[in-house]
Each structure stands twice: as C-alpha cells, then as structure tokens.
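Okay, here's what each chain looks like letter by letter:
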Amino acid sequence: MRTKLELPEMLTFDVRSAFEGALSVSIGDEKASCKVSVPQNPIEKIEFKEKQVDVLKNGTEQLKLEITPANTTDDRGVTYTSSDETVAKVSSTGVVTGVAPGSAVITATIGKFTTQCEVTVSIVPLEKITLAKRTVSVKKGKSTSIARTLLPSNQTDGTAASA
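This report concerns the structure included in the present document. (Residues numbered from 1 in each chain as written. Predicted model: local features only at pLDDT ≥ 70, side-chain atom pairs only at ≥ 80, totals over all residues. Heavy atoms only, no water.)

A look at the overall build of the chain
Helix and strand content of the chain: 0 helices and 13 strands. The secondary structure elements of the chain, listed N-terminal to C-terminal, are β-β-β-β-β-β-β-β-β-β-β-β-β. When each of the 163 residues of the chain is scored for burial, the buried share is 22%. For the chain, the share of sequence-separated contacts (at least 6 apart) that also reach a separation of at least 24 residues comes to 48%. (Helix = DSSP H or I, 4+ residues; strand = E, 2+ residues; numbered from the N terminus. Buried < 20%, exposed > 50% of the residue type's maximum accessible area, 1.4 Å probe, protein only. Contact = heavy atoms within 4.5 Å.)

Structure representation (structure tokens):
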C-alpha cells in the first residue's frame, strides 16, 4: 500500500546570504530541480544616525546604526565598544548607559567597516533635600525613619541621605 504524500503547490524558502546552487525536490523516482542564484550585495558603509548624543548619568540611549545598502547579503553582526566604560557603557544591541559625567566614543564594527558616535554624560544636580519631619523624639535603644525628598525629582547627583 502506498501512502499519498502531499506537497504544497508553492515551495517557499528564505535566503539570508549570497548563494549559488540548486533547489531539488524528490518523491520516489520523480525529481525536479531549479537553479538558484542570489548575487552578493556587499556592505558599502555603516554610519550612526547620530554623530553625538547626550545621556544623563544612569540614563540610556539606543544608538541607531544605518547599513548601506539596506538589503546587503553580508553578515550584519555588529560589535559595539566604548572608549571609556567608566563614563559610558554600551550593550551588544547598541544601548548606551551613562555611568559618570564625561565623554566617551562608542564604536560600531561590522567586518572591515567602523563608525563612531561621541557620547556626553551629564548629571542633573541635586539642589535640595527636604525631610518629612522637622523634629523627632526617639527613645534610647529604638530607631525611627524619616522620609526624605531629593529635588529636583529627576536629579541624578544624589541617591542617599546620611545622618
């Protein structure tokens, strides 16, 4: 007894790089093939959309990389590096995080191509600390808490209060 095998009428495949070869389909003694040619379309250049970005300490910014041509058949694997990780760190996806005030250069590399973006990290200075209570009475051996507010609320300079 033969089992009937059903194939779709249209065969679809994705091509992710330059390719020269054949697509073959065989069922029993029946065969069909098609020559497939996908020409190379090499990278010509890469560029950051922004040549300079400002980031707050502890803030993030997604860098945008443009690859020309957009439909390249070359590997698009990007490596990001920071010239000074004590100022700005960069993730494997191009997200920059401000670490401390200063400047750093982020470099993106694909094969033999590189591009750079200057990052300036700054702070929003702490202007005022307010406490929820002006006076507190605490018994010996006990503790209490006092809520504090740092102003402006978006400051990036001070994160803890000390007694």
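Notes on unusual backbone geometry
Most peptide bonds take the trans form, and the phi angle of most residues other than glycine is negative. Here the amide bond leading from Thr68 into Pro69 is cis, since omega sits at -5°, within 30 degrees of zero. Note on placement: Pro69 falls in the loop between strand 6 (65-68) and strand 7 (79-82). With omega at -5°, the peptide bond leading from Leu151 into Pro152 counts as cis. Along the chain, Pro152 falls in the segment after strand 13 (148-151). One non-glycine residue, Asn58, adopts positive backbone phi at about 70°. Its location among the elements puts Asn58 in the loop between strand 4 (52-56) and strand 5 (60-62). Assessed through its relative accessible area of 55%, Asn58 is described here as exposed.

Concerning the nonpolar core
Formed by 15 residues in total, the largest nonpolar core has its most connected members in Phe48, Leu63, Ala88, Val96, Ile106 and Val119. Secondary-structure elements contributing two or more residues to this core are strand 4, strand 8 (88-90), strand 10 (102-110) and strand 11 (113-122). Core analysis: the second largest hydrophobic core is formed by 5 residues, Ile43, Ile67, Ile110 and Phe113 among them. (Core = buried A, V, L, I, M, F, W, Y, C linked by side-chain atoms within 4.5 Å.)

Notes on the sheet that holds strand 10
Across the sheet, which stays open at both edges, the 4 strands sit in the order 4-11-10-7 with mixed pairing between neighbours. Where the open sheet ends on each side, the last strands, each with one partner, are strand 4 and strand 7. Averaged over neighbouring strand pairs, the angle between their axes works out to 25° when direction is ignored. The pairing of strand 7 with strand 10 spans 4 bridges and is antiparallel. For Tyr80, the partnering residue across the bridge sits in strand 10 and is Ala108. (Pairing = 2+ DSSP bridges. Axes fitted to C-alpha atoms, helices over the stretch in contact; angles between N-to-C directions.)

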